[in-house]
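Residue-level listing of the chains:
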Amino acid sequence: MPEPPPGYFHRADDSGQPRPTVIATNGYDATVHEAHFAHAVAAVRRGYHCLTFDGPGQGRPLIHQGLVFRPDWENVVRPVVDYALSRPEVDPQRMALIGWSFGGYLAPRAASGEHRLAACIADPGQWDLLEALRANLPLPPAVRERLPEIAPADLEALQGQIRSNPSLHWTFQRALWMHGLDSVADYVRIAGDYSLRGRAEQIRCPTLVAWAEGDPIARFAQQLHAALQCPRTLVRFTTAEGAGGHCEETARSLFHQRAYDWLEAVFSSPPRG
């Protein structure tokens with residue numbers, strides 16, 4: 001039988017009474033164990049159960065099973081929701097999905113097709129991986145404009161930078177590994193599959209989009225927020241607050257405060273028809 005994906009169910013208490021539950025999905029870098037501190041500790045303190053897991057392209061599924069990323073994250077989250085609903089201590093009307101880092105794409109994408117969720121949090125909000133590459137890759141303007149069409153000669157200068165910069169080299173090698181690809185050109189060609197165009201409009205549940213001032217990955221958070229047709233909230237985090245970095249990592253408690261205050265307001269509202 002296939003090895004089940006690793007996951008942990010963190011109980012807020014042992015009463016067995018149905019409680020609101022947060023399902024946490026990772027991004028490129030973190031594993032289910034890091035999610036304990038990123039999500040579960042704060043959730044339990046606020047009286048929420050928390051279900052953390054690693055999906056394809058993450059942690060053990062990637063390393064031991066060879067499962068690589070897929071853009072249709074709703075099909076990854078659906079069995080996780082099935083499992084949550086099998087537990088009597090989970091309130092089926094109060095389940096939220098939160099994604100951090102690249103999970104800021106994965107969580108909204110999942111919510112666009114998994115409508116049993118009562119809330120979604122994107123930290124930070126993302127929009128389109130190809131657009132992010134077009135904005136950030138050091139390529140000539142003419143090459144950027146015709147992406148995802150790309151030729152090996154277009155990437156010669158970039159490949160030189162990658163080889164000479166250990167951090168950049170690891171960034172791209174990691175991306176190729178996680179997506180099961182052989183070249184940077186292949187990565188550029190599949191990037192457009194990871195887009196919320198035409199999907200953001202399908203999200204029905206209230207959605208919080210986080211935007212941190214100094215986080216380049218949050219560059220398109222406001223674009224995601226504008227595209228949503230569900231109840232939506234854009235929450236800004238600033239450098240002056242100490243929360244301007246990626247995933248508010250130097251002031252994570254401030255993110256938790258605002259995110260869970262928002263969740264409590266959502267869950268205390270009458271159910272939508």
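Note: the structure precedes this text.
Engineer: Tell me about the pattern of salt bridges, residues and numbers included.
Structural biologist: Enumeration according to the criterion identifies 21 salt bridges in this entry. Here the residues in one salt-bridge network are Arg78, Asp82, Glu114 and Arg116, joined through shared partners.

Engineer: So, the packing of helix H1 (residues 32–45) against helix H11 (residues 252–268): which residues are in play, and what are the values?
Structural biologist: Following both chains from N to C, one finds H1 and H11 inclined at 50 degrees, their axes separated by 11 Å at the closest point. As far as their axial angle goes, H11 and H1 are oblique. The two elements H1 and H11 meet at a crossing, and its hand is right-handed. On H11, the residues touching Phe37, Ala38, His39, Ala42 and Ala43 of H1 are Arg252, His256 and Tyr260. Split into classes, the residues belonging to the contact of H1 with H11 amount to five nonpolar, two polar and one charged.

Engineer: Outline the packing of helix H5 (residues 129–136) against helix H9 (residues 184–191), supporting the account with residue identities and numerical values.
Structural biologist: Here H5 crosses H9 at 130 degrees, and the two axes come no closer than 7 Å. Here H9 runs oblique to H5, going by the angle between their axes. From H5, Leu129, Leu130 and Leu133 reach across to H9, where they touch Tyr187, Val188 and Ala191. Of the residues contributing to the contact of H5 with H9, the split by class is six nonpolar, no polar and no charged.

Engineer: How would you sum up the environment of Trp100? Please name residues and give values.
Structural biologist: Examined against the element boundaries, Trp100 turns out to sit in strand E4 (residues 90–100). Along the primary structure Trp100 and Ala210 are separated by 110 residues, whereas in three dimensions their C-alpha atoms are 9.5 Å apart. Residues contacting Trp100, with those up to four places away along its chain left out, are Thr25, Asn26, Gly27, Ala30, Ala38, His39, Asp123, Cys247 and Arg252.

Engineer: Report on H11, specifying residues and quantitative values.
Structural biologist: In a regular helix each residue adds 1.5 Å, so 17 residues correspond to 24 Å; H11 covers 24 Å between its end C-alpha atoms and thus fits that length. The set of residues buried in H11 consists of Arg252, Leu254, Phe255, His256, Ala259, Tyr260, Trp262, Leu263, Val266 and Phe267. In this structure, the buried side of H11 is in contact with strand E2 (19–25), H1, E4, strand E5 (119–123), strand E6 (207–212) and strand E7 (232–237).

Engineer: Residue-level account of the packing of aromatic side chains, with values.
Structural biologist: Enumeration according to the criterion identifies 10 aromatic pairs in this entry. With centroids separated by 4.6 Å and ring planes inclined at 5 degrees, the aromatic side chains of Tyr28 and Phe102 adopt a geometry described as stacked. Here Tyr28 is found in the loop between E2 and H1, whereas its partner Phe102 is found in the loop between E4 and helix H4 (103–111), with 74 residues between them in sequence. Residue Tyr28 is classed as buried on the basis of its relative accessible area, which comes to 10%. Judged by its relative accessible area of 4%, Phe102 is buried. Between Phe102 and Tyr194 the ring centres are 5.9 Å apart and the planes differ by 50 degrees, which places this aromatic pair in the tilted class. You can see Phe102 sitting in the loop between E4 and H4 and its partner Tyr194 sitting in the loop between H9 and E6, a full 92 residues away along the chain. Put simply, the rings of Tyr28, Phe69, Trp73, Phe102, Tyr105 and Tyr194 touch in pairs and so form one group of aromatic residues. Positioned above the aromatic ring of Phe9, the side-chain terminus of Arg87 is 3.9 Å from the ring centre.

Each value, and the rule that gives it
Sequence order sets the numbering: in each chain, residues are counted from 1 along the sequence as written. Given that the model is predicted, a residue must reach a pLDDT of at least 70 before its local features are reported, and side-chain atom pairs must reach 80 or more before they are shown or counted; all residues, however, enter totals for whole chains, interfaces and linings. Side-chain calculation: all heavy atoms of the structure are included, whereas hydrogens and water are not. Basic side-chain nitrogens of Lys or Arg form a salt bridge, by our definition, when they fall within 4 Å of a carboxyl oxygen of Asp or Glu. Axes, fitted as lines to C-alpha atoms, cover a helix only where it is in contact. Angles between the N-to-C directions of the axes lie from 0 to 180 degrees. A run of H or I in DSSP counts as a helix once it spans at least four residues, and a run of E counts as a strand once it spans at least two, with each numbered from the N terminus. If an angle is under 35 degrees, it is roughly parallel; if it is over 145, roughly antiparallel; if it lies from 65 to 115, roughly perpendicular; otherwise it is oblique. Take the far helix as your reference; a near helix turned counterclockwise from it by less than a right angle gives a left-handed crossing, and one turned clockwise gives a right-handed crossing. Contacts were defined at the residue level, with two residues in contact if any of their heavy atoms lie within 4.5 Å. Three residue categories are used. Nonpolar comprises Ala, Val, Leu, Ile, Met, Phe, Trp, Tyr, Cys and Pro, charged comprises Asp, Glu, Lys and Arg, and polar comprises the others, including Gly. By this rule the span expected of a helix is its residue count minus one, scaled by 1.5 Å. The rule is simple: take the accessible area with a 1.4 Å probe, protein chains only, and divide by the maximum for that residue type; under 20% is buried, over 50% is exposed, in between is partly exposed. Geometry of aromatic contacts follows a simple scheme: Phe, Tyr and Trp rings, the Trp one being its six-membered ring, pair when their centres are within 6.5 Å, and the pair is stacked under 30 degrees between planes, edge-to-face over 60, tilted otherwise. In this scheme, the term charge over a ring applies when either NZ of a lysine or CZ of an arginine sits within 6 Å of the ring centre and within 35 degrees of the ring normal.

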